[in-house]
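# Observations on the three-dimensional arrangement
The lines below spell out each chain.
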Amino acid sequence: MSSHRSVIRNGFVVSMDPDIGEIPNGEVLVEDGVIVEVGQDLGVSDAEEIDATSMIVMPGFVDTHRHTWQTPVRGVLPCCTLDHYFAVMLGSVGGHYRAEDVHVGNYAGALEAINGGVTTLLDWSHINNTPDHSDAAIQGLKDAGIRAIYAHGVPTGGEWWAFSELNHPEDIRRIRDTYFSSDDGLITLALAARAPGNSNFEVAKHDWELARDLGIRISVHVGMRLTTVHVTHVKNMHDLGLLGPDTTYIHCTDSTDEELDLIASTGGTASVAPYVEMLMGHGPPPTGRLLQRGVRPSLSVDVVSSVPGEMFTQMRTALVHERIGAHTDTPDEAFAPTLTHRDVLEFATIEGARACALEDKVGSLTPGKQADIVLLKVDAINTAPMVDPIGTIVVFADTSNVDSVFVAGDAVKRNGQLVDADLKQIFRKLDESRNHILGEGELLPDWAAAPATAV
Ligand SMILES: [Zn+2]
């Protein structure tokens, strides 16, 4: 069987691999979906040529936590508190989802991620109201062609939260057997766990044992501030002997210094979602507090019910929030922030890969890794002229500059267009799902409920 070779030429390579660095007029050689060589003038003549003139060639972003199922209710809570979010989204909206709503949510949401240059998405899926919902979620990710970690969570509904007495659904064993018999696929499995405090302590022990019995990673929300709730999730996990390097801790916004020390000392990874944390009042993003302990966080979108679904916003929000945190109360001390644009690009790429235990596969343009590659146009009115390529990515670029996206060498976006996506049909299905879900929840605006005008 002959192999397929392609070479990306004439671009500015931002590898995010410290041994390779940045290469003006660089080349990336890809063979059968794997990066083979990165450099200048590779002398390749027997490969398909991909011209990246006036483009940055960079690794795809890794979003380490997104409830992708919420795509059909995009923007329903543009300015809410976390109390309100829980009441509306988990108390009401989620209960109205049919399996088909989960499918279009995950399919469209994963396409949205790809469109913005995200090649790896951890789908934190707590919409498993029936096994059909789970199957639909996985199918949606598959249909989009994204690299994903399907993190299987509980169904919606209050009985699954606030010291819940219900164990994590056993259906995850069927899912493991049906879809994830190998851990080498484009989509892999994790357990989207409830922290002790969300579930009672016996349930938490059960759920952690379940994940470890299945040999899969754990992703868990901790330290979000809710009115009148006093729970130290990480401390509880420590007391129960649950902490470990197989766990990613989301938010950690209201976690104590002692709890962050415990995450660091047990080899845990972190996912900071700075926009949602500041919007809803989870607490200040703990970027600097984590860095002080040697935990370099990843970044995540969390919810498109309230947050833009791309990583540029997350990088910029993380950067400026952390920098103003270095402000002191006197002009006698010079403002001396330490976080840089390069740091947040690392958070959005290689640190995301680490948080998913995929650092040997993705997160940088390194020979041997999967060809998850983004071409970003720099000859656009918001990016030209380029001086500092990492500055161009972090400070100026947006989704409109994402020209091409490759996942394992396969083009999923080319020349600014998603490949093989019938957007008209997707938008129609999204509207239909929105109307069903929000109609049932009495949240649908009148204008949306009105019959469409004839065309
Ligand atoms: Zn979340």
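Residues numbered from 1 in each chain as written. Predicted model: local features only at pLDDT ≥ 70, side-chain atom pairs only at ≥ 80, totals over all residues.

Looking now at the overall build of the protein. Summing up its helical and strand segments, the protein has 15 helices and 17 strands in all. The C-alpha atoms of the protein give 22 Å as radius of gyration, which agrees with the globular expectation for 455 residues (23 Å, within 12%). Expressed along its principal axes, the backbone C-alpha trace of the protein runs to roughly 65 × 65 × 45 Å. Put simply, the protein has 455 residues, and 52% of those count as buried. The long-range fraction of contacts in the protein, counting pairs at least 24 apart against all pairs at least 6 apart in sequence, stands at 77%. (Helix = DSSP H or I, 4+ residues; strand = E, 2+ residues; numbered from the N terminus. Rg over C-alpha atoms; globule rule 2.2 N^0.38 Å. Buried ≥ 20, exposed ≤ 12 C-beta atoms within 10 Å, placed from the backbone. Contact = placed C-beta atoms within 7 Å.)

It is worth spelling out the domain arrangement of the protein at this point. Accessible area lost during the coming together of the parts is what is often quoted as the interface size. Splitting the protein by domain gives domain 1 (5-59 + 364-416) and domain 2 (61-355). Distance from the C-alpha centre of domain 1 to the C-alpha centre of domain 2: 28 Å. Contact with domain 1, which involves 20 residues of that partner, is made by 22 residues of domain 2. Of all the secondary structure elements, the ones that give two or more residues to the side of domain 1 that touches domain 2 are helix 13 (389-396), strand 15 (402-407) and strand 16 (410-414). The biggest single contributor to the side of domain 1 that touches domain 2 is helix 13, with five residues. (Domains from an automatic or database assignment.)

What follows concerns the nonpolar core. Grouped together as the largest cluster of nonpolar side chains are 126 residues, with contacts concentrated most on Val28, Val57, Ala110, Met315 and Leu376. Sort the elements by how many residues they give to this core and helix 2 (residues 99-115) lands first, with eight residues. Mapped onto the domain boundaries, this core takes at least three residues apiece from domain 1 (5-59 + 364-416) and domain 2 (61-355). (Core = buried A, V, L, I, M, F, W, Y, C linked by C-beta atoms within 7 Å.)

A separate point is the packing of helix 3 (residues 131-144) against helix 4 (residues 171-179). Between helix 3 and helix 4, the shortest axis-to-axis distance is 11 Å and the interhelical angle comes to 35°. The two elements helix 3 and helix 4 meet at a crossing, and its hand is right-handed. Residue-level contacts link Pro131, Ser134 and Ile138 of helix 3 to Asp171, Arg174, Ile175 and Tyr179 of helix 4. Among the residues forming the contact of helix 3 with helix 4, the class breakdown is four nonpolar, one polar and two charged. (Axes fitted to C-alpha atoms, helices over the stretch in contact; angles between N-to-C directions. Left-handed = near helix turned anticlockwise from the far one by under 90°. Nonpolar A, V, L, I, M, F, W, Y, C, P; charged D, E, K, R; others polar.)

Another point: helix 5 (residues 201-214). The end-to-end C-alpha distance of helix 5 is 20 Å, a good match for the 20 Å that 14 residues give at a rise of 1.5 Å each. What helix 5 keeps buried is the set Ala204, Asp207, Trp208 and Ala211. End-on, the buried residues of helix 5 take up no more than an arc of 95°, which puts them together on one face. Exposed side of helix 5, more than 90 degrees from the buried face: Glu202, Glu209 and Asp213 are the residues found there. Positive backbone phi, approximately 70°, marks glycine 215, located one or two places after helix 5. (Expected span 1.5 Å × (residues − 1). Arc of directions from axis to C-beta.)

Turning our attention to the pairing of strand 1 (residues 5-14). Buried residues dominate strand 1, accounting for eight of its 10 residues. Alignment of strand 1 against strand 2 (residues 22-31), held across seven bridges, turns out to be antiparallel. Note on strand 2: the bridge partner recorded for serine 6 is valine 30. When strand 1 meets strand 4 (residues 48-51), the two strands line up parallel, connected through four bridges. Residue pairing across strands places arginine 9 opposite aspartate 51, the latter belonging to strand 4. Both strand 1 and strand 5 (residues 55-59) contribute to a ladder of two bridges, which runs parallel. Each residue of the ladder has a partner; that of phenylalanine 12, found in strand 5, is isoleucine 56. (Pairing = 2+ DSSP bridges.)

For the rest of this paragraph, the subject is the pairing of strand 5. When you tally the buried positions in strand 5, you get five out of five residues, the bulk of the element. Alignment of strand 5 against strand 14 (residues 373-377), held across five bridges, turns out to be antiparallel. When the bridges of strand 14 are listed, valine 57 appears paired with leucine 375.

Across the interface, helix 2 lies against helix 14 (residues 423-440) with an axial gap of 10 Å and an inter-helix angle of 130°. Regarding the angle of helix 2 to helix 14, the classification is oblique. Of the two possible hands of crossing, helix 2 and helix 14 adopt the one that is left-handed. Along its contact with helix 2, which presents Asp101, Val104, Gly105 and Ala108, the element helix 14 presents Ile426, Lys429, Leu430, Ser433, His436 and Ile437. Split into classes, the residues belonging to the contact of helix 2 with helix 14 amount to five nonpolar, three polar and two charged. (Parallel < 35°, antiparallel > 145°, perpendicular 65-115°, else oblique.)

Summarising burial for helix 11 (residues 341-348): six of the eight residues are buried, a large majority. All buried positions along helix 11 are accounted for by Asp343, Val344, Leu345, Glu346, Phe347 and Ala348. Buried residues along helix 11 sit in contact with strand 6 (61-66), strand 13 (298-299), helix 10 (311-324), helix 12 (350-355) and helix 13.

A word on the sheet that holds strand 8 (residues 147-152). Read across the open sheet, the eight strands follow the order 6-7-8-9-10-11-12-13; overall the sheet is parallel. What marks the edges here is a single partner per strand, and that holds for strand 6 and strand 13. The pairing of strand 8 with strand 9 (residues 187-193) spans five bridges and is parallel. What sits directly across from tyrosine 150, in strand 9, is leucine 189.

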